[in-house]
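Understanding the architecture of this molecule
Take a look at the letters that make up each chain.
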Amino acid sequence: MYQMKTVYITDFWTGAPDVEQDALAGVAAVVALGEHDEKKLLPRIADADGLLVWHDIRISAATLAALTRCRVLVRIGVGFDNVDLEAARSRDIVVCNTPDYGIEDVADHAIAMMLALLKNLPQFNHDLKQAAPLLWNARRNARMPRLRGMVFGVIGLGRIGSATALRAKAFGMDVVAFDPYIPDGRDKALGIRMAYCLDELLRQSDVVSIHTPLNETTRGMISAPALAQFKRGATLINTARGPVCDTTALLAALESGQLAGAGLDVLPVEPPNADDPLIIAVRDPSHVAHYRCILSPHAAFYTEEGFIEMRRKAALEVRRALTGERVRNRVN
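Everything numeric in this text was worked out from a predicted model, so none of it was measured. (Residues numbered from 1 in each chain as written. Predicted model: local features only at pLDDT ≥ 70, side-chain atom pairs only at ≥ 80, totals over all residues. Heavy atoms only, no water.)

**Regarding the overall build of the protein chain**
Secondary structure assignment for the protein chain yields 14 helices and 12 strands. By the compact-globule yardstick of 20 Å for 332 residues, the protein chain fits well, its C-alpha radius of gyration being 22 Å. Counting across all 332 residues of the protein chain, residues that qualify as buried make up 52%. Within the protein chain, contacts between residues separated by at least 24 positions form 63% of all contacts whose residues are at least 6 apart in sequence. Looking at the protein chain, you have 38 positive and 39 negative side-chain charges, and the mean spots of the two groups are 4 Å apart. (Helix = DSSP H or I, 4+ residues; strand = E, 2+ residues; numbered from the N terminus. Rg over C-alpha atoms; globule rule 2.2 N^0.38 Å. Buried < 20%, exposed > 50% of the residue type's maximum accessible area, 1.4 Å probe, protein only. Contact = heavy atoms within 4.5 Å. Lys, Arg positive; Asp, Glu negative; His and termini not counted. Charge placed at Lys NZ, Arg CZ, Asp CG, Glu CD.)

**Observations concerning the sheet that holds strand S7 (residues 174-178)**
One open sheet accounts for 7 strands, arranged S8-S7-S6-S9-S10-S11-S12; its pairing is parallel. Across the chains shown, the open sheet's two edge strands, defined by having one partner strand only, are strand S8 (193-194) and strand S12 (293-295). Of the pairings in the sheet, the one linking S7 to S8 comprises 2 bridges and is parallel in character. Pairing of Val176 across the sheet is with Arg193, part of S8. With respect to the sheet, helix H5 (residues 103-118) is in contact with strand S6 (151-155), strand S9 (207-210), strand S10 (234-238), strand S11 (259-264) and S12, its orientation differing from that of S10 by roughly 150°. Across the sheet, helix H7 (residues 159-170) lies against S6, S7 and S9, angled at about 175° from S6, the strand it touches most. (Pairing = 2+ DSSP bridges. Axes fitted to C-alpha atoms, helices over the stretch in contact; angles between N-to-C directions.)

**Some points on the nonpolar core**
Within the largest apolar cluster, 36 residues are counted, with the highest numbers of intra-cluster contacts made by Ile155, Ile222, Phe230, Leu236 and Leu250. Residue contributions to this core peak at 5 residues, all from helix H11 (residues 247-256). If we skip the residues at most four places from it in the chain, Phe230 touches Leu202, Val208, Ile222, Leu236, Gln258 and Leu259. Val27, Val72, Ile76 and Ala300 belong to the second-largest nonpolar core, a separate cluster that totals 28 residues. (Core = buried A, V, L, I, M, F, W, Y, C linked by side-chain atoms within 4.5 Å.)

**Concerning the sheet that holds strand S2 (residues 28-35)**
Read from one edge of the open sheet, 5 strands run S2-S1-S3-S4-S5, paired in parallel fashion. Sheet topology places S2 and strand S5 (94-96) at the edges, where each strand pairs with a single neighbour. The mean inter-strand angle of the sheet, taken between neighbouring strand axes irrespective of direction, is 15°. Sheet contacts for helix H14 (residues 304-322): strand S1 (5-11), S2, strand S3 (50-53), strand S4 (72-75) and S5; angle to S4, the most-contacted strand, approximately 165°.

**A few points about the environment of Ala88**
In this fold, Ala88 is placed in helix H4 (residues 85-90). Note on Ala88: relative accessible area 0%, which makes it buried. For the pair Ala88 and Leu73, spaced 15 residues apart in the sequence, the C-alpha separation amounts to 8.6 Å. Residues contacting Ala88, with those up to four places away along its chain left out, are Leu64, Ile93, Val95 and Asn332.

**Notes on the pattern of salt bridges**
Within this structure, the stated rule accounts for 14 salt bridges. The partner of Arg193 in a salt bridge is Asp174, and the shortest N-O contact between them spans 3.1 Å. Here Arg193 is found in strand S8, whereas its partner Asp174 is found in strand S7, with 19 residues between them in sequence. On the accessibility criterion, Asp174 (30% relative accessible area) is partly exposed. Within the structure, one salt-bridge network assembled from shared partners comprises Asp18, Glu20 and Arg311. (Salt bridge = Lys/Arg side-chain N within 4 Å of Asp/Glu carboxyl O.)

**Some remarks on H5**
Along its 16 residues, H5 runs 23 Å from first to last C-alpha, staying within 8% of the 22 Å computed at 1.5 Å per residue. Those residues of H5 that sit buried are Asp105, Val106, Ala107, Ala110, Ile111, Met113, Met114, Ala116, Leu117 and Leu118. Asn120 sits one or two residues past H5 and shows a positive phi near 65°. (Expected span 1.5 Å × (residues − 1).)

**Description of the pairing of S4**
Put simply, side chains in a regular strand alternate between the two faces of the sheet. With burial as the criterion, each face of S4 is covered, one bearing Val72 and Val74 and the other bearing Leu73 and Arg75. Of the pairings in the sheet, the one linking S3 to S4 comprises 4 bridges and is parallel in character. Within S4, the residue paired with Gly50 across the bridge is Val72. Of the pairings in the sheet, the one linking S4 to S5 comprises 3 bridges and is parallel in character. Looking across to S5, one finds that Leu73 is bridged to Val95. Read from S4 through H4 to S5, the crossover connection turns out right-handed. (Right-handed = clockwise from strand over helix to strand, strands pointing away.)

**So, the layout of surface pockets**
Quantified by volume, the largest pocket comes out at close to 950 Å³. Taken together, 44 residues form the lining of the largest pocket, with Val78, His211, Thr212, Pro213 and Leu214 sitting closest to its centre. Here the element with the most residues in the lining of the largest pocket is H7; it accounts for 3 residues. Split by residue class, the lining of the largest pocket holds 23 nonpolar, 15 polar and 6 charged. As a volume, the second largest pocket reaches approximately 570 Å³. As for the second largest pocket, its lining consists of 24 residues, of which His55, Leu267, Val269, Glu270 and His298 are closest to the centre. (1 Å grid on protein atoms, 1.4 Å probe; cavity = no way out; pocket = protein on both sides within 12 Å on 5 of 7 lines; lining within 4 Å. Points joined across faces, edges and corners; volume = space filled by probe spheres on them. Nonpolar A, V, L, I, M, F, W, Y, C, P; charged D, E, K, R; others polar.)

What follows is the structure in structure tokens.
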């Protein structure tokens, strides 16, 4: 007689697991735990046949060692730096990600941040709410470059980076990309240019948009030395991973004018601490970062349609693993 398996959603999601249960119908019962502390997971997931993991928690070797039945772990998202891949591999636990969700949503968000900053919307909005008649002509003193002809630099030309590049190209921007891991010819397929080192891209770009995974190569990639290579007055957008960018150095670059603006959907620590210098600065109306740095709460991936899509795709990957089908997006 077939025994129904058990799949746990470890973190973040505390609502009904209706999308996941529909995808796993007849194979497994799905339970959403909404946990925030890895140590509290162990007594709750000992009987897990599969795990669906968001981004609020780390799954370490200690947790994986306690799982006696688990066959698959799927990250509901692209990045998998919060899972010990080697420990999972040593225990024959298949680890997959969900790389093709939210591509257009993150690309749209990156472009939206760029447009808001280049069109000076944060300051216009604030000023007109304070004293509209007095500040109606403030646009005359605003830095508002024309998009057509500006150089848009893309770091990471994967799915999301490619989608963002095409959107920037549609505005008439001169798109250049850096990605040492993609095969030759993708730039020609997209109708853009390639830079062959990071500094080459940074020195020429008016806008730099980051679309890399987080790994030992990219951690801290946008540091003080890298920011010094930017064209003065450039704008930086990060919708990838927070630790890719040193926000202390970024704040200094905003203060010095090396950066004219920054749009960050991700931060090194999420949620950020109240005493984070960048958070203090963006909350201070007298600080340049108050208007020139836009923050959003790791929300670039989110649309109602995209959210359902990623949950369903992740659950279907678990289903494939548990029923002996070939998984599509194994990362270990």
